[in-house]
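Topology and contacts: notes
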Amino acid sequence: DIQMTQSPSSVSASVGDRVTITCRASQGISAYLAWYQQRPGKAPNLLIYAASSLRSGVPSRFSGSGSGTDFTLTIRSLQPEDFATYYCQQGKSFPWTFGQGTKVEIK
Amino acid sequence: EVQLVESGGGLVQSGGSLRLSCVTSGFTFNNYWMGWVRQSPGKGLEWVAYINQDGSGRYYLDSVKGRFTISRDTAKNSLYLQMNSLRAEDTAMYYCARGGSYLDALDIWGQGTMVTVSS
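Residues numbered from 1 in each chain as written. Chains lettered and ligands numbered in written order. Predicted model: local features only at pLDDT ≥ 70, side-chain atom pairs only at ≥ 80, totals over all residues. Heavy atoms only, no water.

Regarding the overall build of chain B
- The secondary structure content of chain B amounts to 0 helices and 11 strands.
- Listing each helix as α and each strand as β along chain B from the N terminus yields β-β-β-β-β-β-β-β-β-β-β.
- Expressed along its principal axes, the backbone C-alpha trace of chain B runs to roughly 40 × 25 × 25 Å.
- Going through the 119 residues of chain B one by one, you find that 52% of them count as buried.
- Contacts in chain B between residues far apart in sequence, at least 24 positions, make up 53% of those at least 6 positions apart.
- About 5200 Å² of surface is accessible on chain B, with carbon and sulfur atoms providing 45% of the total.
- Across chain B, the mean location of the 10 positive side-chain charges is 5 Å away from that of the 10 negative side-chain charges. (Helix = DSSP H or I, 4+ residues; strand = E, 2+ residues; numbered from the N terminus. Buried < 20%, exposed > 50% of the residue type's maximum accessible area, 1.4 Å probe, protein only. Contact = heavy atoms within 4.5 Å. Areas by Shrake-Rupley, 256 points an atom, 1.4 Å probe, with all protein chains shown as cover. Lys, Arg positive; Asp, Glu negative; His and termini not counted. Charge placed at Lys NZ, Arg CZ, Asp CG, Glu CD.)

Here it is as structure tokens:
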């Protein structure tokens, strides 16, 4: 199985900050990577697919990059509604796997 | 409006069974593959099962193989997860989700249904 490792596990940031989250795959997954946002008590919401493609309707302050084993999610200017937990997910091979999550907290 | 609504969760004893349902609306069901993802209380997301558009392709998390069965009914626009031989570690919120609009990503999620397995 492909293991997905996110770092950091949590980050404290202020409104307006730039936040970068890293996701590393245990083997190459090309660009078969998605990023999700999950607010407390809610279902996850797709932000990025194919590693760097922004889902329609998602604010442009979110961006993704990477290929192979190393990926990043960047939030350019953090907004109050962005305080949430973020997950990466690989779709290269079954079983699909998620990272353990990164919680973005208010500083 | 595109919508997924899960039901069927509840409290069950270890070794018991449950059948989760996910009724979909607002889109052409048989154009999309579907999946189930779970989340144990306070924990991260865990993919559970996948079924392709016509039901001919199914994949499972190793720990549920042989115990869980994913299926779909196009006439009812519904997705199912039959869960047998339930264990305490299956306790989680179970989400159904749609895929196919954005490659391997899950773009529409239901609100979830809670399964609690007592030991």
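Some thoughts on the nonpolar core
- Membership of the largest hydrophobic core comes to 28 residues, with the highest contact counts inside it found for Trp36(B), Leu79(B), Leu81(B), Met83(B) and Tyr94(B).
- Residue assignment for this core shows that the elements contributing at least two residues are strand E3 (18-25), strand E4 (33-39), strand E5 (45-51), strand E7 (68-73), strand E8 (78-83), strand E9 (92-99) and strand E11 (113-118) of chain B.
- The contacts of Leu81(B), once residues within four sequence positions are left out, are Leu18(B), Arg19(B), Leu20(B), Trp36(B), Val48(B), Ala49(B), Phe68(B), Thr69(B), Ile70(B) and Tyr94(B).
- With 24 residues, the next largest nonpolar core counts Ile29(A), Ile75(A), Phe83(A) and Cys88(A) among its residues. (Core = buried A, V, L, I, M, F, W, Y, C linked by side-chain atoms within 4.5 Å.)

Thoughts on the interface of chain A and chain B
- With 22 residues of chain A in contact, the opposing surface of chain B contributes 21 residues.
- Of all residues in chain A, Phe94(A), Trp96(A) and Phe98(A) bury the most surface against chain B, accounting for 33% of the area lost on that side.
- Linking chain A to chain B there are 0 salt bridges.
- Counting the contacts that link chain A with chain B gives 5 residue pairs in polar contact (both at pLDDT 80 or more). (Buried area = accessible area lost by both parts, 1.4 Å probe. Salt bridge = Lys/Arg side-chain N within 4 Å of Asp/Glu carboxyl O. Polar contact = N/O pair within 3.5 Å; in protein donor to acceptor, adjacent residues only side chain to side chain.)

With respect to the state of the cysteines
- Counting across every chain of the model gives 2 disulfides over all chains.
- Bridging Cys23(A) to Cys88(A), the disulfide has an S-S length of 2.1 Å. Because the torsion about its S-S bond is 70°, the bridge between Cys23(A) and Cys88(A) counts as right-handed. With a gap of 65 residues between them, Cys23(A) in strand E3 (residues 19-25) and Cys88(A) in strand E9 (residues 85-90) connect regions that are remote in the sequence. Each of the two residues, Cys23(A) as well as Cys88(A), counts as buried.
- The disulfide bridge from Cys22(B) ends at Cys96(B), spanning 2.0 Å between sulfur atoms. Linking Cys22(B) and Cys96(B), the disulfide has an S-S dihedral of approximately 45° and is accordingly described as right-handed. Here Cys96(B) lies in strand E9 and Cys22(B) lies in strand E3, a separation of 74 residues in the sequence.
- Accessibility expressed as a relative area gives 0% for Cys22(B), which makes it buried.
- Residue Cys96(B) is classed as buried on the basis of its relative accessible area of 0%. (Disulfide = S-S within 2.5 Å.)

Let's talk about the packing of aromatic side chains
- Here the structure, examined in full by the defined rule, presents 15 aromatic pairs over all chains.
- For the ring pair Phe27(B) and Tyr32(B), a centre distance of 5.3 Å and an interplane angle of 90° mean the geometry is edge-to-face.
- For Tyr32(B), a relative accessible area of 19% corresponds to the buried category.
- Ring geometry for Tyr50(B) against Tyr59(B): centres 5.9 Å apart, planes inclined by 50°, an arrangement best described as tilted.
- Through successive ring pairs, a cluster of aromatic residues spans Phe94(A), Trp96(A), Trp33(B), Trp47(B), Tyr50(B) and Tyr59(B).
- Positioned above the aromatic ring of Phe29(B), the side-chain terminus of Arg72(B) is 4.2 Å from the ring centre.
- Across the ring face of Tyr32(B), the terminal group of Arg98(B) is positioned such that the distance to the ring centre comes to 4.0 Å. (Phe/Tyr/Trp six-rings, centres within 6.5 Å; stacked < 30°, edge-to-face > 60°. Lys NZ or Arg CZ within 6 Å of the ring centre and 35° of its normal.)

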